[in-house]
Amino acid sequence: MEAALWPMLSALLGALVGGGISYALNRQQFANQLHILQEQHKVEFMAETTARHFLGHKGFTDRSFETLRNHLGGFTDDELRKILVRAGAIRVYREDGSEWWRLLSRMEEYIERKQLDQIAREI
């Protein structure tokens, strides 16, 4: 190898090692900050997790607001609605005026189930 390539390879190796160390430290710092924020706002995070659990149940695509309020106590109605929105849910009103919530990610499943129900009624 030529003598002129050694300094260039050394600089490249130094940049790669330094960049790798910097990336690892920043990633660890980000994970630590996220963990600290989750601990500071644990009630909200757990409420969102619980809301996703109830709205993600296999047998039910929709849940009434009353059911969710009974299982997620300690929040006002508006706070609970904000939690549901952060969890990825949308609100729907039924014909009787009752408030129901479903996960936006389960919308296709809801539509398929509606179509199957309509086909079953026609038969």
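Remember, it's a predicted structure, so these values are computed and weren't measured experimentally.

Criteria and cut-off values
- Residues numbered from 1 in each chain as written.
- Predicted model: local features only at pLDDT ≥ 70, side-chain atom pairs only at ≥ 80, totals over all residues.
- Heavy atoms only, no water.
- Core = buried A, V, L, I, M, F, W, Y, C linked by side-chain atoms within 4.5 Å.
- Buried < 20%, exposed > 50% of the residue type's maximum accessible area, 1.4 Å probe, protein only.
- Helix = DSSP H or I, 4+ residues; strand = E, 2+ residues; numbered from the N terminus.
- Contact = heavy atoms within 4.5 Å.
- Phe/Tyr/Trp six-rings, centres within 6.5 Å; stacked < 30°, edge-to-face > 60°.
- Lys NZ or Arg CZ within 6 Å of the ring centre and 35° of its normal.
- Salt bridge = Lys/Arg side-chain N within 4 Å of Asp/Glu carboxyl O.
- Pairing = 2+ DSSP bridges.

Draft legend 1. Main features of the nonpolar core. Within the largest apolar cluster, 12 residues are counted, these being A51, F54, L55, F65, L68, L72, L80, L84, A87, A89, W101 and L103. Of all the secondary structure elements, the ones that give two or more residues to this core are helix 2 (42-55), helix 3 (65-71), helix 4 (77-86) and strand 3 (99-103). If we skip the residues at most four places from it in the chain, A87 touches E48, A51, R52 and L103.

Draft legend 2. Structural context of the packing of aromatic side chains. Applying the stated criterion to the full structure yields zero aromatic pairs. Positioned over the ring face of F65 is R81, at 4.4 Å from the centre of the ring. Seen from the ring of W100, R94 lies directly overhead, with NZ or CZ sitting 3.6 Å from the centre.

Draft legend 3. Geometry of the side chain of E48. Turning to its location among the elements, E48 is positioned in helix 2. Residue class for E48 comes out buried when judged on its relative accessible area of 11%. In contact with E48, other than residues within four places in its own chain, are I83, R86 and A87.

Draft legend 4. Expanded view of the pattern of salt bridges. According to the stated counting rule, one finds 10 salt bridges in the structure shown. Of the charged contacts in the structure, one is a salt bridge between E109 and R106, with a shortest N-O distance of 2.7 Å. Note on R106: relative accessible area 7%, which makes it buried.

Draft legend 5. Fine view of the pairing of strand 3. Across the five residues that make up strand 3, a large majority, four, are buried. Bridge count for strand 1 (residues 62-64) against strand 3 is three bridges, and the pairing is antiparallel. Note on strand 3: the bridge partner recorded for D62 is R102. The pairing of strand 2 (residues 89-93) with strand 3 spans five bridges and is classified as antiparallel.

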